[in-house]
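A closer look at the structure
Take a look at the letters that make up each chain.
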Amino acid sequence: MDATGVALAVATLHKSAFQEFKVFMCGEVVVPIKELKRSLKYSKDKNAPIILDFYDNVLKVSIGFIQTEIKLFDARDYKDYEIPELKLDSSFCIDTKLFYGLIEQVGLVSDYFFMELDSHNLIIRKDRVCAKVPSEILLDIRSDEHVKSQYPMHFIKQLKKVSGRFKSLSIELDSDAPMKMSMEDERLRAEIYIAPRIGYED
């Protein structure tokens, strides 16, 4: 796990996210993320469509009049980098605005926060600040036992830029285990795994 907080991020773009979508051959490609981000910054026209073409181990990025080419990594070197199948015993679904409202209140005084869940309540707390949400306020809840773990506050706040567009969040967790935050709409499904803080003082 990444000691700084985020362990893994997985994004799935649905076909409806594209104006035009053509696939002539299925397969995997490994794209250098820094090169891709740099290519996306070249064009100042935010309304220009982004065209991605894959050919001969190269990704061609076209934005308006600007075109760049990115050499892809060899996918065979990354065959062992698979998405982990974590079995997390507890989960809940919550309105996005409500969740980040609670995070903002608790986050005024802390870098880390505790998240606790049982069949009756969701608790987000740090020191003497505590937000308690009864199960009937949550959109869904699954928890057979009391679970508790601690997570970095700053990464949760940064994820608001991504998750703020979704109406609700689904969160899976277990005691001293990564948190899995899932969100989905008609265009995008995103899953983010956040590493816990182990050996904390309660």
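Below you will find a few notes about this structure. (Residues numbered from 1 in each chain as written. Predicted model: local features only at pLDDT ≥ 70, side-chain atom pairs only at ≥ 80, totals over all residues. Heavy atoms only, no water.)

What to know about the side chain of R125
Structurally, R125 can be placed in strand β7 (residues 121-126). Using a relative accessible area of 16% as the deciding quantity, one classes R125 as buried. Separated by 2.5 Å, the side chains of R125 and E116 make a polar contact. (Helix = DSSP H or I, 4+ residues; strand = E, 2+ residues; numbered from the N terminus. Buried < 20%, exposed > 50% of the residue type's maximum accessible area, 1.4 Å probe, protein only. Polar contact = N/O pair within 3.5 Å; in protein donor to acceptor, adjacent residues only side chain to side chain.)

Notes on the packing of aromatic side chains
For the coordinates displayed, the defined rule picks out three aromatic pairs. Relative to F21, the ring of F18 lies with its centre 5.0 Å away and its plane at 40°, an arrangement referred to as tilted. Taking relative accessible area as the criterion, F21 reaches 39% and is therefore assigned partly exposed. Considering the side-chain rings of F99 and Y100, the 5.3 Å spacing of their centres and the 80° angle between planes classify their relative orientation as edge-to-face. The same class applies to F99 and to Y100, which are both buried. (Phe/Tyr/Trp six-rings, centres within 6.5 Å; stacked < 30°, edge-to-face > 60°.)

Notes on a nonpolar patch on the surface
A cluster of nonpolar side chains, namely V29, L40, I50, L52 and F54, defines an oily patch on the protein surface of about 440 Å² accessible area. Looking at the nonpolar patch, the element that brings in the most residues is strand β2 (residues 50-55), giving three residues. Relative to the helices and strands, V29 is located in the loop between β1 (6-13) and α1 (33-41). What makes V29 partly exposed here is its relative accessible area of 44%. (Patch = residues over 30% accessible without salt bridge, like charges linked within 9 Å, V, L, I, M, F, W, Y side chains within 5 Å. Areas by Shrake-Rupley, 256 points an atom, 1.4 Å probe, with all protein chains shown as cover. Salt bridge = Lys/Arg side-chain N within 4 Å of Asp/Glu carboxyl O.)

Topic: the environment of M179
Its place among the elements puts M179 in strand β12 (residues 179-184). Relative accessible area serves as the criterion here: at 0%, M179 is assigned to the buried category. In sequence terms M179 and L88 are 91 residues apart; their C-alpha atoms lie 8.4 Å from each other. Ignoring any residue separated from it by four or fewer positions in sequence, one finds M179 in contact with M115, Y151, I156, I171, E172, I192, Y193 and I194. (Contact = heavy atoms within 4.5 Å.)

A closer look at the nonpolar core
Of all hydrophobic cores here, the largest spans 31 residues; its most connected members are F99, M115, I124 and M181. With five residues, the top contributor of residues to this core is helix α2 (residues 96-107). If we ignore the near neighbours within four places in the chain, the residues touching M181 are F99, Y100, I156, L159, L169, S170, I171, A190, E191 and I192. In this structure, L59, V61, I63 and I70 belong to the second largest nonpolar core, which totals six residues. (Core = buried A, V, L, I, M, F, W, Y, C linked by side-chain atoms within 4.5 Å.)

Considerations on unusual backbone geometry
Positive phi, normally seen in glycine, also occurs at D56, with a value near 45°. With respect to the helices and strands, D56 occurs in the loop between β2 and β3 (58-63). Take D56: its relative accessible area is 71%, and that puts it in the exposed class. One non-glycine residue, D176, lies in positive phi territory at about 50°. Here D176 is to be found in the loop between β11 (168-173) and β12.

Some remarks on the sheet that holds strand β4 (residues 66-71)
Across the sheet, which stays open at both edges, the three strands sit in the order β2-β3-β4 with antiparallel pairing between neighbours. Whereas interior strands pair on both sides, the edge strands pair on one side only; in this sheet they are β2 and β4. The average undirected angle you get between the axes of adjacent strands in this sheet is 20°. On top of the sheet, α1 reaches β2, β3 and β4; it is set at about 20° to β3, its chief contact. (Pairing = 2+ DSSP bridges. Axes fitted to C-alpha atoms, helices over the stretch in contact; angles between N-to-C directions.)

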